[in-house]
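# Architecture at a glance
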Protein chains: 2
Amino acid sequence: MHLWYTEYHTENVGISFKVRETLFVGRSKYQEIAVLDTFEFGRLLVLDGLVMLTERDEFIYHELIVHPALFTHKCPQNVLVIGGGDGGSIREIVKHDCIKEAILCEIDPQVVEISKKYLPSVSSALEYPNVKIIYEDGIKFVSKFSNYFDVIIVDSTDPIGPAKGLFESSFYRDCFRALKEDGILVCQSESPIYHLDLIKEINLKLKEVDFPIVKFYYGIIPTYPSGMWSWAFASKKFDPIKYIGKEREQLTVKTKYYSLDIHKGIFNLPLFFKEAIKG
Amino acid sequence: MHLWYTEYHTENVGISFKVRETLFVGRSKYQEIAVLDTFEFGRLLVLDGLVMLTERDEFIYHELIVHPALFTHKCPQNVLVIGGGDGGSIREIVKHDCIKEAILCEIDPQVVEISKKYLPSVSSALEYPNVKIIYEDGIKFVSKFSNYFDVIIVDSTDPIGPAKGLFESSFYRDCFRALKEDGILVCQSESPIYHLDLIKEINLKLKEVDFPIVKFYYGIIPTYPSGMWSWAFASKKFDPIKYIGKEREQLTVKTKYYSLDIHKGIFNLPLFFKEAIKG
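Reading guide: rules and limits
- Residues numbered from 1 in each chain as written.
- Chains lettered and ligands numbered in written order.
- Predicted model: local features only at pLDDT ≥ 70, side-chain atom pairs only at ≥ 80, totals over all residues.
- Heavy atoms only, no water.
- Helix = DSSP H or I, 4+ residues; strand = E, 2+ residues; numbered from the N terminus.
- Domains from an automatic or database assignment.
- Contact = heavy atoms within 4.5 Å.
- Buried area = accessible area lost by both parts, 1.4 Å probe.
- Nonpolar A, V, L, I, M, F, W, Y, C, P; charged D, E, K, R; others polar.
- Salt bridge = Lys/Arg side-chain N within 4 Å of Asp/Glu carboxyl O.
- Buried < 20%, exposed > 50% of the residue type's maximum accessible area, 1.4 Å probe, protein only.
- Phe/Tyr/Trp six-rings, centres within 6.5 Å; stacked < 30°, edge-to-face > 60°.
- Lys NZ or Arg CZ within 6 Å of the ring centre and 35° of its normal.

## Quick notes on unusual backbone geometry
Notably, A:Ser226 is not glycine yet its phi reads approximately 75 degrees, a positive angle. With respect to the element layout, A:Ser226 can be found in the loop between β11 (213–220) and β12 (228–235).

## Remarks on the domain arrangement of chain A
Residues and elements named next belong to chain A. We note that the domain assignment places domain 1 (3–54) and domain 2 (58–277) within chain A. Computed over C-alpha atoms, the centres of domain 1 and domain 2 are 23 Å apart. The interface of domain 1 with domain 2 comprises 23 residues on the first partner and 20 residues on the second. Sorting the residues of domain 1 by area buried against domain 2 places His9, Tyr30 and Leu53 first, and these three jointly supply 26% of that buried surface. Of all the secondary structure elements, the ones that give two or more residues to the side of domain 1 that touches domain 2 are β1 (3–10), β2 (13–27), β3 (32–38), β4 (42–47) and β5 (50–54). Per-class residue counts for the side of domain 1 that touches domain 2 are 15 nonpolar, five polar and three charged.

## Examining the pattern of salt bridges
All names here are of chain A. Summed over the entire model, instances satisfying the criterion amount to 30 salt bridges over all chains. Note that Lys116 and Glu127 form a salt bridge whose closest N and O atoms lie 3.1 Å from each other. Taken together, the residues span a long stretch of sequence, with Lys116 in helix α3 (residues 109–118) and Glu127 in the loop between α4 (120–123) and β8 (131–135) at a distance of eleven residues. We classify Lys116 as partly exposed; its relative accessible area is 35%. On the basis of relative accessible area, Glu127 is assigned to the exposed category, the value being 60%. Residue Lys215 is joined to Asp239 by a salt bridge in which the shortest nitrogen-to-oxygen separation is 3.1 Å. A residue pair is termed long-range when its members are at least 10 positions apart, and Lys215 in strand β11 and Asp239 in the loop between β12 and α8 (260–266) qualify at 24 residues. Taking the relative accessible area as the measure of exposure, Asp239 reaches 12% and is therefore buried. Salt bridges here are not isolated pairs; linked through shared partners, they connect Glu58, Arg91, Glu92 and Lys95.

## A few points about the packing of aromatic side chains
Per the counting criterion, the structure on display carries 43 aromatic pairs over all chains. An angle of 85 degrees between the planes, with centres 5.7 Å apart, marks the rings of A:Phe233 and A:Phe267 as edge-to-face. Note that A:Phe233 is positioned in strand β12 and A:Phe267 in the loop between α8 and α9 (271–277), a separation of 34 residues in sequence. Each member of the pair, A:Phe233 as well as A:Phe267, is classed as buried. Consider the rings of A:Phe272 and B:Tyr257, whose centres lie 6.5 Å apart with planes at 40 degrees: the pair is tilted. Pair noted here: A:Phe272 is in helix α9 and B:Tyr257 is in the loop between β12 (228–235) and α8 (260–266), and the two residues belong to different chains. The same class applies to A:Phe272 and to B:Tyr257, which are both buried. Members of the aromatic cluster, each reached through a chain of ring pairs, are A:Tyr61, A:Tyr217, A:Tyr224, A:Trp229, A:Trp231, A:Phe233 and A:Phe267. The ring of A:Phe39 carries A:Lys18 above its face, with NZ or CZ at 5.4 Å from the centroid.

Right, here's the structure in full:
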């Protein structure tokens, strides 16, 4: 049998993976969850028909959503991840020795459960003693805090369905309040090829919320729409360009994509992207 | 009718485009040539079943294969493109006022003919007075020169079929000889995700040929395999990091992806790529 899984990135373009085995398909309270074992990219976590990660290239996404902020911050101790129930972001966060507590706030317990069962290399740090998992709506959870977190990472799905509120001004305002005076907020911000209008909107909303530093950076995720991906970096004090892990050694954090050199490069945006968010 | 074109990047993964119209399919002496009009990426030039360019994202590839070398070189006057019969690289080259002669050496006249007919925005500079088109095997052509070109750009197809020889040491040696004492050679060098062994091989071969400076840079081409693409930069004198267009204004060259900032960023390679070619 030749089994293929196709994700349509727009109604006119798609990526297809040859599938070895369908390991899991089910429906949680929030979404359809599937795990497919593919020949080229290993296991895929698919939520509501969209590839969240593949075993082969997830390291790029998770290193890039975590390390630019964690190496920019002088001493990140309390970090919150909203979404990201697969555990990939947490795995990268706890590589930093300074972390006292990493909280994962995931709305859907089944995503965590499925990741623990089928994606051990991704969920590997979820049982660490300095990791705490909260099953709650991230919007509600973050609104309870004030001046508490060093870094908040919004590892959300696309701005449809359960993640819609994670792209709203009121949520960004709550994140601002929940961050300490030198805190940093990072949000995955979709593809500059397909979602440039959304990126512009995120940029404006974050600036309105009074973050003095709002920048974007980019990277390549082969299995995400267009391959070109972006993250918003909103900071109260530390500039990701001027301040990069000067006081900490990168050597203790093992990575495959991120390095301090990459850090310097990824904030230099493709011209069409830079121009879309300028001003 | 729902017509889709699928390119298999490996035997286990593919990208599919919804097709509005098949504008041309034919066979030249060297290869099968097709032009498809797609809904998402505009017109596609497809050679032997592989997407060479799409109207929507070709600007990234052509800006990145040309401008890093042309802005590193102090005063590029004579530039050779091998392959690239579509004309995209030539279009970027002639944006530089200093160019006296840009030679396009393409083995297949039909690629040029088809591009002129169906891809006017790509082939737009092929009739410029400082552009000369030679229909010959690039390997033979370059072997006739000594100390002549400022920059040689190898805009080849994949290292199978007619382009195989463009990845050989003897060809690189001929390019070295054909370049002036401050000349630069740039070669497209495939995907770091799928073709890392080939990249390692190119790196070793270029170093053996005595280029004192051999570096790689990377970029994102959404419609190429894995989206992550690379180029080899072999230079006799100018370092692309230390010397970037210091004496020329970028403002005269209009681009959509490349900028002097991007130039600085793209030589900072993802760690797995950097480590594969170190030493």
